[in-house]
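Below, each chain spelled out in residue letters.
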Amino acid sequence: MDKILEAVVTSSYPASVKQGLVRRVLEAARQPLEREQCLALLALGARLYVGGADELPRRVGCQLLHVAGRHHPEVFAEFFSARRVLRLLQGGAGPPGARALACVQLGLQLLPDGPAADEVFALLRREVLRTVCERPGPAACAQVARLLARHPRCVPDGTHRLLFCQQLVRCLGRFRCPAEGEEGAVEFLEQAQQVSGLLAQLWRAQPAAILPCLKELFAVISCTEEEPPSSALASVVQHLPLELMDGVVRNLSNDDSVTDSQMLTAISRMIDWVSWPLGKNIDKWIIALLKGLAAVKKFSILIEVSLAKIEKVFSKLLYPIVRGAALSVLRYMLLTFQHSHEAFHLLLPHIPPMVASLVKEDSNSGTSCLEQLAELVHCMVFRFPGFPDLYEPVMEAIKDLHIPNEDRIKQLLGQDAWTSQKSELAGFYPRLMAKSDTGKIGLINLGNTCYVNSVLQALFMASDFRHCVLRLTENNSQPLMTKLQWLFAFLEHSQRPAISPENFLSASWTPWFSPGTQQDCSEYLKYLLDRLHEEEKTGTRICEKLKWSSGRSSLLPPSSPPSELPSSSATSVEKMFGGKIVTRICCLQCLNVSSREEAFIDLSLAFPPPERSRHRRVGSVMLPAEDARAQELALAPRAPGAQRQRKHCITGDAPRTGLDIEGVGAISRGEQSGQEEMVERGHAAKEEEEVAQEEEGTREEESEDGERKEKEKEDEKEKEAESSKEKEGDNLGLGTHRDAATPPREQACGPEGSRSVLDLVNYFLSPERLTAENRYYCESCASLQDAEKVVELSQGPRYLILTLLRFSFDLRTMRRRKILDDVTIPLLLRLPLAGGQGQAYDLCSVVVHSGVSSESGHYYCYAREGAARPAPVLGSTDRPEPENQWYLFNDTRVSFSSFESVSNVTSFFPKDTAYVLFYRQRPREGPEAESGSPRVRAEPTLHKDLMEAISKDNVLYLQEQEKEARSRAAYISTLPAPPHWGRGFDEDKDEDEGSPGGCNPAGGNGDFHRLVF
């Protein structure tokens, strides 16, 4: 019967005839059969199932095996023996085929339990291991996976199971898609998924096999001698537990046995896996490995793989099924490749067509991808400006998409740069120097040069001045300004955590300073600005003379000598920091008034004597009605020879934050007046005036006893203070600054010594009597006469620099000492100008001196971006502008801070006092106010040579870091045991939590390669 059936099935008879005969044979097989006949039918069924030429023979063979196995189990157990299974698996050359494995799987389903079955399973545990070691194709390997998934007893046990898992990984690496077209690709994906699914099942049963399999996986993808492995290995990644990621990456990045070539090959092939459509978490593993390489400073690998693969990753954005993973990898690669524009520029030709394709797709996935792609483009254009011809098509393509603000751009660029990566993945390495999380760059202390660093950082954070310096043309006659431009450019664009200002310091060195000793930062600032001013003025004058000598100046007559050239325009220093004050002196005898206008760069504010602080010496600066209690007091007429006129005093303590100091108009001195003009505040209510008067009276009563005891000494102290004020007031010209001659009692720090910038400005602008030895020579009277001197601001600078005269000369000890009084610093300062108008200023920088003497101690700087902003609306609950973010610059260390820290630094550390204040002029409210668009505040484009120098230095720094990391690794590998670096390196202390400490060359942050200016 078996031979008749075989002949009919393999004949050319019609299919209906064949099927009819098959039905009869199957019906006969269900009946009792002789043993030989049953074995013959089973052998025929196996031959047809494994070797059938088409679907019909294979189906007939399967039916025969099923019928015989169910109705004749004893005979089937005899037939499906271990020997038969071995013959099926080893019937041909090479690994067994998929049909033979399928036949074995069918036989196992029909095989009854017993000794014969145990023998078959034992055989299969050996044979499946041999089969995968022979590298079967995708179909056979998938059939093995299905066999073992259905019959777990066939899985190799003991040490053979781990070997089996590793060989499965290698099998996946040899997979090749056998057919073209969509159907073939789908079948190939399913086969790879079945094999990786078997691996996942085995890992769940034996978790200890995961790491050895990962090692095998890395060995496959890092091998440089064989052909590239199949992308089917990507199917393994989705089954890897994410909690193992950090440990695996740490081991790989710190493994000295892994060469750079192997690592480069492995990461390149992993990036190719982005195209695998069913691979979950592939992007996470790729990014983790890239971060691990950055943490151990293997930048050469990162640079090479980024340039080689970034275009391929970008192209995968076209396919929605892999778009998410491709976008994540692309985002990381772009945001980390910040030392050069090369990677971004590789993508420029591809961006417009990609944008067009995503717009045409019109899907949620495409829209989301467009938004993120546009954000990346804006970040890169911001990071690498100066290529308008290349960027124009790209910006045109994304013009209708959202534009991120500058704060968001800086956040993205700062957190993802290779040099910003933390070293947690560096294993036992000590923490290598990394760029600050703030994105700002520190300055290296070259030996008591913190006074230079703090001033330079304050000037850098004055954004208008920084932009002015960075816009300097390449060919100019200002060598010092050019060096400052290079320093500012590297502070803005370098990847180093800190740079050295050595070259700039040498060029701007103050001649009378002693190298290696602490100096006065205010004195250096004045000298620096004066040098820059004179250099630009001289260069402009030379250019004008050259133009005149060549006859190219159309504004001059032919006979005009160089001495008659028209005056040049204001210099950059004058535009940014220059203001004007008017000094008027009125003779109290003839009432003649002489006036003189002078330019100034900074205002030096002396501390008023304690008596004047208690009496609240009058001034021309006042708090607004909503912030302080104002008074409207009419003073009695003054007869000739009586005491000098006084402006209304300021009552109440100034608040620590949000202080709005408002100026009042100047008072005319041209004619004699028996009464001072009244200063009115329109919003001050009558009740507030009464309360203010009551409190003023109370203060006077409280101080009456103390004044009575010191009545005999007051006149003498008044004369000394007036003499000191005269010396200071007469020397307020451009770049002039002297110490305040203050008696020892005035240096005490206590409740009575608590002052604010308001008090110091009041004292500076208050009228001053010139009597006794300080009498004024009146030309009208032709003799020395008592006089009254008044100082007024006629023109406010864009950046107002206030120097608090803290270093006084002690008349008792005849030595310079520091006034340690805590001075409240307002965020908003409103100064009066001549003519009755006022100008508002926003605090942008505070240089702090830590110590008790100008010859010692340490300087550091609090600063925020000195960009202009309109006045905030009172009572607004909106979040503060990005410019409200304060930073603490302490040599190489840069950290986030707050205005609260600025306000309270002296409270926590009595020797740390504000010394130099930078205020930025606030634009007037109205249509001319700045809109706050990020385009308005974009950094200027640098000239080509400067950009190339920055790019080259960034590459050099990455190479230095990589070399240092390798040197440390080589050193640590020679140690008997890995040291415990965790404690002490991870516990960073913020400067706000402890005193900033002394000034030292290393800046408190260890050694690292540095760029020298």
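Residues numbered from 1 in each chain as written. Predicted model: local features only at pLDDT ≥ 70, side-chain atom pairs only at ≥ 80, totals over all residues. Heavy atoms only, no water.

**As for the overall build of the chain**
Each helix and strand counted, the chain has 36 helices and 23 strands in total. Among the 1013 residues that make up the chain, the fraction classed as buried is 52%. Entry remark: accessible area of the chain is about 46,300 Å², with carbon and sulfur atoms responsible for 51%. (Helix = DSSP H or I, 4+ residues; strand = E, 2+ residues; numbered from the N terminus. Buried < 20%, exposed > 50% of the residue type's maximum accessible area, 1.4 Å probe, protein only. Areas by Shrake-Rupley, 256 points an atom, 1.4 Å probe, with all protein chains shown as cover.)

**Let's talk about the pairing of strand β3 (residues 579–587)**
Counting buried residues along β3, seven of its nine residues qualify, which places the element largely inside the surrounding structure. The pairing of β3 with strand β4 (residues 593–600) spans eight bridges and is classified as antiparallel. If you follow Arg584 over to β4, its bridge partner there is Ser595. A loop of five residues connects β3 with β4, the two strands running antiparallel in sequence, and Leu591 in this loop sits at a positive phi of about 60°. Pairing between β3 and strand β12 (residues 787–795): eight bridges, direction antiparallel. Bridging across to β12, Lys580 finds its partner in Gln795. (Pairing = 2+ DSSP bridges.)

**Remarks on the packing of aromatic side chains**
Scanning the entire structure with this criterion turns up 20 aromatic pairs. Ring geometry for Tyr451 against Tyr524: centres 5.8 Å apart, planes inclined by 85°, an arrangement best described as edge-to-face. Of this pair, Tyr451 sits in helix α24 (residues 450–461) while Tyr524 sits in helix α28 (residues 521–549), placing them 73 residues apart in sequence. Taken individually, Tyr451 and Tyr524 each receive the classification buried, so the pair is uniform in this respect. Each ring, one from Phe465 and one from Phe577, has its centre 5.1 Å from the other, and the planes form 65°; the classification is edge-to-face. With Phe465 in helix α25 (residues 463–470) and Phe577 in helix α29 (residues 572–577), this residue pair connects regions lying 112 residues apart in the sequence. Its relative accessible area of 0% is what places Phe465 among the buried residues. (Phe/Tyr/Trp six-rings, centres within 6.5 Å; stacked < 30°, edge-to-face > 60°.)

**A short note on the state of the cysteines**
Under the counting rule described, the total for this entry stands at zero disulfides. Left unpaired, Cys103 is separated from the closest cysteine sulfur, that of Cys62, by 9.0 Å. The class for Cys103 is buried, based on a relative accessible area of 3%. Free cysteine: Cys587, not disulfide-bonded; nearest cysteine sulfur from Cys590 at 3.7 Å. (Disulfide = S-S within 2.5 Å.)

**Brief notes about the sheet that holds β4**
Strand order in the open sheet formed by four strands is β4-β3-β12-β9, and the pairing between neighbours is antiparallel. With partners counted over all chains shown, the strands left at the sheet margins are β4 and β9 (768–770), one partner each. Strand after strand, the sheet turns through a mean of 30° between neighbouring axes, direction not considered. (Axes fitted to C-alpha atoms, helices over the stretch in contact; angles between N-to-C directions.)

**A short note on the side chain of Arg331**
By the element assignment, Arg331 lies in helix α18 (residues 320–336). A polar side-chain atom of Arg331 sits 3.3 Å from a polar atom in the side chain of Glu375. Look past the residues within four positions of Arg331 in its chain and what remains in contact with it is Gln372, Glu375, Leu376, Arg408 and Leu412. (Polar contact = N/O pair within 3.5 Å; in protein donor to acceptor, adjacent residues only side chain to side chain. Contact = heavy atoms within 4.5 Å.)

**Remarks on a nonpolar patch on the surface**
On the surface, a nonpolar cluster with roughly 390 Å² of combined accessible area is contributed by Leu278, Leu318, Tyr319 and Ile321. Here Leu278 shows up in the loop between α15 (260–272) and α16 (282–295). (Patch = residues over 30% accessible without salt bridge, like charges linked within 9 Å, V, L, I, M, F, W, Y side chains within 5 Å. Salt bridge = Lys/Arg side-chain N within 4 Å of Asp/Glu carboxyl O.)

**Looking at unusual backbone geometry**
Negative phi values dominate among residues other than glycine, just as trans dominates among peptide bonds. The residue Arg135 is not glycine, and still its phi comes out positive at about 55°. Here Arg135 lies in the loop between α8 (115–133) and α9 (138–150). Not every positive phi belongs to a glycine, and Leu591 is a case in point at roughly 60°. Tracing the backbone shows Leu591 in the loop between β3 and β4. Look at Leu591 and you get partly exposed, because its relative accessible area is 25%.

**What to know about a negative patch on the surface**
A cluster of acidic residues, Glu182, Glu183, Glu187 and Glu190, forms a negative patch at the surface. Structurally, Glu187 can be placed in helix α11 (residues 181–205). (Lys, Arg positive; Asp, Glu negative; His and termini not counted. Charge placed at Lys NZ, Arg CZ, Asp CG, Glu CD.)

**Here we look at helix α3 (residues 35–51)**
With 17 residues, α3 ought to run about 24 Å at 1.5 Å a step, and its terminal C-alpha atoms sit 24 Å apart, in line with that. Of the positions making up α3, those classed as buried are Cys38, Leu39, Leu41, Leu42, Ala43, Leu44, Gly45, Ala46, Leu48 and Tyr49. (Expected span 1.5 Å × (residues − 1).)

**Focus on the pattern of salt bridges**
If you walk through the whole model with that rule in mind, you get 28 salt bridges. Between Glu361 and Arg323 there is a salt bridge whose closest N-O contact spans 2.6 Å. In this pair, Glu361 is assigned in helix α20 (residues 351–361) and Arg323 in helix α18, connecting sequence segments 38 residues apart. Residue class for Arg323 comes out buried when judged on its relative accessible area of 2%. One network of salt bridges, in which partners are shared, links Glu406, Lys410, Lys440, Arg466, Glu492 and Glu865.

**Some remarks on α20**
Regarding α20, the residues found buried are Ile351, Met354, Val355 and Leu358. Looking straight down α20, one finds that the buried residues subtend no more than 100° of arc, so they occupy a single side. (Arc of directions from axis to C-beta.)

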